[in-house]
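Structural characterization, general
What follows is each chain in one-letter form.
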Amino acid sequence: MRVLTSKQIKQVEERAFDSGMSEAELMLRAGTACFNKIVKQYGDDLKGSRIAVICGNGKNAGDGFVIARLFFEFGANSFIVLADKEPEIAEPKMYFEQAKAAGVQILTFDNADLKCDYIVDCIFGIGFHGEPRAPFDAVFDAVNDSGAIVISIDTPSGTDSSTGQTVNAIKADFTVAISTLKLAHVLPPSNEYCGKTVTVNIGIPESCYDKNYPNTITKSDVKSLFKVRKKNSNKGSFGHQLNLCGSYLMPGAAVISAKAALKTGVGLLKCAFPKSIYPVMTAHMTQPIFKPLCENEEKTISIGSINDIFEELKWANSVVLGCGLGNNDDTQVITGQVIKTSSVPVVLDADGINAAAPFIDIIKDKTAPLVITPHPGEMARLINESVDYVQSHRLEIAVAFAKEYDVILVLKGANTIVTDGENVFINTTGNPGMSMGGTGDMLSGMIGSFIAQGLSPIDSAKAAVYIHGLCGDITASEISQRGMTVDDMLSLLGALMSEFE
């Protein structure tokens, strides 16, 4: 599914007009498709219910006038609330007159009672940016305080569809995106205002779209990446993965990353770690090859292990570096040497990122593809900015960093972004229950596993973030967002992979 800015979708619509479609035709199609999607979501509960369709004076209002009329004909007690004034643009005005002629009541905001069952927000859609002026600020507040189920058409009014920024906006329970998703649906903070989001196709020809828009990652896309395993396969057929992870204070990160790799099908996994955590590693796993390494006083991997690490790099098809590694002089040197020396793709996570941050230009000296998986705090350290800045500029930061350093960047968080600096993919699986220690270690192990099995680094990242989020969604549905743990996710992961075979 494409994800566009307001400027891009307007360009798409202009091409549709050039191909012979009219503004009025698209407006009718949009209103009708949104009505049908709302009926599919809420069903017969809509009949007899009180539905306020709040409209501005732009083109989004035209969709609302169509929706209000269709609800009235469906048997709902629907009425139009003018947030500001009657429409002046020709196409919305035409559908306004049709709704009025059909018997739909017209009210102004000042004399409307918004104590309704449902409110349909058709005030701004993608046309909004900045801060709402009067009377719209009062309208937004009234909708949010109404207690009604709120349905937004295209994007919640008050959200910037191109940047995700919002000062004061309508908070929807259900959003119907027209034609494609917009960046407001996937970027913070506006993604929190959308509720459940679905899209509707209004028949714009494929030829009207460019090919380089950001896309969401879909299950069918991911499934197509995995080939049927050949009957005469052996453990060497599915790759060698080397995990350089763990320390005395964080052995669990190494365990989680390793288990995730095993649960997603890597052929052979070798875990290299400081020798003091050998009892923890062997107590939790029996399948990997274990490589205890000499350690320093902080009980992290010592620089004295570097020659052993170089030998193990010759064995590996992928390397996961950083989960629970610790950050000190020794791990910084090890991280830099692995990045410069490895001839196979490296997944850099957690303390691997922290270790590289002080000398980040070293990643330009890599000799193999590099996948970096920062959460917003780690990303902020990489670019010397605040977390708030990262969260408010997620897409542009991810693309710029990936392009400058020639890496695959996986910027984690709600709607994780995967990019190589040219292509952009946005994940839509996952939930707040995954906001806990260990889920990032799990993701890194999965990316490394898919690389070892032969997927390209960017395909491995796409597949891993999608399946990781889906695993979290299923776990939350079976347990709860608050009660789920990483171990719960790992227990489900192996069976979940059956959906991608």
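Refer to the structure above for everything that follows.
Residues numbered from 1 in each chain as written. Predicted model: local features only at pLDDT ≥ 70, side-chain atom pairs only at ≥ 80, totals over all residues. Heavy atoms only, no water.

**Observations concerning the overall build of the protein chain**
Regarding its fold elements, the protein chain presents 17 helices and 19 strands. Relative to the 2.2 N^0.38 estimate, which gives 23 Å for 501 residues, the radius of gyration of the protein chain is 26 Å and therefore close to what a compact globule would have. Split into buried and exposed, the 501 residues of the protein chain put 57% on the buried side. Sequence-distant contacts, at least 24 apart, represent 72% of the contacts inside the protein chain between residues at least 6 apart. For the protein chain, the exposed surface amounts to about 20,300 Å²; the carbon and sulfur share of it is 48%. Side chains of the protein chain carry 43 positive and 57 negative charges; the gap between the two charge centres is 7 Å. (Helix = DSSP H or I, 4+ residues; strand = E, 2+ residues; numbered from the N terminus. Rg over C-alpha atoms; globule rule 2.2 N^0.38 Å. Buried < 20%, exposed > 50% of the residue type's maximum accessible area, 1.4 Å probe, protein only. Contact = heavy atoms within 4.5 Å. Areas by Shrake-Rupley, 256 points an atom, 1.4 Å probe, with all protein chains shown as cover. Lys, Arg positive; Asp, Glu negative; His and termini not counted. Charge placed at Lys NZ, Arg CZ, Asp CG, Glu CD.)

**Some points on the state of the cysteines**
Applying the stated criterion to the full structure yields zero disulfides. Cys 116 carries a free sulfur, and the closest cysteine sulfur to it, the one in Cys 55, is 13 Å from it. We classify Cys 116 as buried; its relative accessible area is 10%. Counting only cysteine sulfurs, Cys 245 is the nearest neighbor of Cys 271, a cysteine outside any disulfide, at a range of 7.6 Å. (Disulfide = S-S within 2.5 Å.)

**Thoughts on the pattern of salt bridges**
If you walk through the whole model with that rule in mind, you get 15 salt bridges. Glu 73 is paired through a salt bridge with Arg 69; the nearest N and O atoms lie 3.3 Å apart. Note that Glu 73 and Arg 69 are positioned in helix α3 (residues 59-74) at a spacing of four residues, about one turn of the helix. Here Lys 462 and Asp 459 are joined by a salt bridge, their closest N and O atoms 3.6 Å apart. Placement of both Lys 462 and Asp 459 in helix α16 (residues 457-478) is noted, with a separation of three residues, approximately one turn of the helix. Shared partners join several salt bridges into a network, and the residues in it are Lys 270, Lys 291 and Glu 312. (Salt bridge = Lys/Arg side-chain N within 4 Å of Asp/Glu carboxyl O.)

**What about the sheet that holds strand β11 (residues 240-244)?**
Across the sheet, which stays open at both edges, the ten strands sit in the order β10-β19-β18-β17-β16-β15-β14-β11-β12-β13 with mixed pairing between neighbours. Strands at the two margins of the open sheet, each flanked by one partner only, are β10 (215-216) and β13 (289-293). The pairing of β10 with strand β19 (residues 424-426) spans two bridges and is classified as parallel. By the bridge assignment, Thr 216 is partnered in β19 with Ile 426. (Pairing = 2+ DSSP bridges.)

**Some thoughts on the environment of Val 186**
One can find Val 186 in the loop between β8 (181-182) and β9 (196-200). Taking relative accessible area as the criterion, Val 186 reaches 2% and is therefore assigned buried. Residues Val 186 and Ala 24, spaced 162 residues apart in sequence, show a C-alpha to C-alpha distance of 29 Å. In this structure Val 186 touches Val 3, Asn 191, Ala 414, Asn 415 and Ile 426, once residues within four positions along its chain are discounted.

**A few points about the packing of aromatic side chains**
Enumeration according to the criterion identifies 16 aromatic pairs in this entry. Pairwise contacts between aromatic rings join Phe 124, Phe 128, Phe 136 and Phe 140 into one cluster. Between the NZ or CZ atom of Lys 219 and the centre of the ring of Phe 500, over which it lies, the distance is 5.8 Å. Looking at Arg 229, its charged tip hangs above the ring of Phe 238, at a distance of 3.5 Å from the centre. (Phe/Tyr/Trp six-rings, centres within 6.5 Å; stacked < 30°, edge-to-face > 60°. Lys NZ or Arg CZ within 6 Å of the ring centre and 35° of its normal.)

**Focus on the packing of helix α7 (residues 251-263) against helix α17 (residues 486-496)**
One can describe the packing of α7 onto α17 by two numbers: an axis separation of 9 Å at closest approach and a directional angle of 15 degrees. One element, α7, and the other, α17, form an angle in the roughly parallel class. Considering how the two elements wind past one another, α7 and α17 form a crossing that is left-handed. Residues Ile 256, Lys 259, Ala 260 and Lys 263 of α7 form the contact with α17, whose own contacting residues are Val 486, Leu 490, Ser 491, Leu 493 and Gly 494. Split into classes, the residues belonging to the contact of α7 with α17 amount to five nonpolar, two polar and two charged. (Axes fitted to C-alpha atoms, helices over the stretch in contact; angles between N-to-C directions. Parallel < 35°, antiparallel > 145°, perpendicular 65-115°, else oblique. Left-handed = near helix turned anticlockwise from the far one by under 90°. Nonpolar A, V, L, I, M, F, W, Y, C, P; charged D, E, K, R; others polar.)

**Examining the nonpolar core**
Judged by nonpolar contacts, the single largest core of 55 residues is most densely connected at Phe 226, Met 442 and Ile 467. Top contributing element to this core by residue count: α16, with ten residues. In this view, Met 442 contacts Ile 256, Ala 260, His 468, Cys 471, Val 486, Met 489, Leu 490 and Leu 493; residues no more than four positions away in its chain are not counted. Judged by nonpolar contacts, the second largest core, of 50 residues, contains Val 39, Leu 46, Ile 153 and Cys 208. (Core = buried A, V, L, I, M, F, W, Y, C linked by side-chain atoms within 4.5 Å.)

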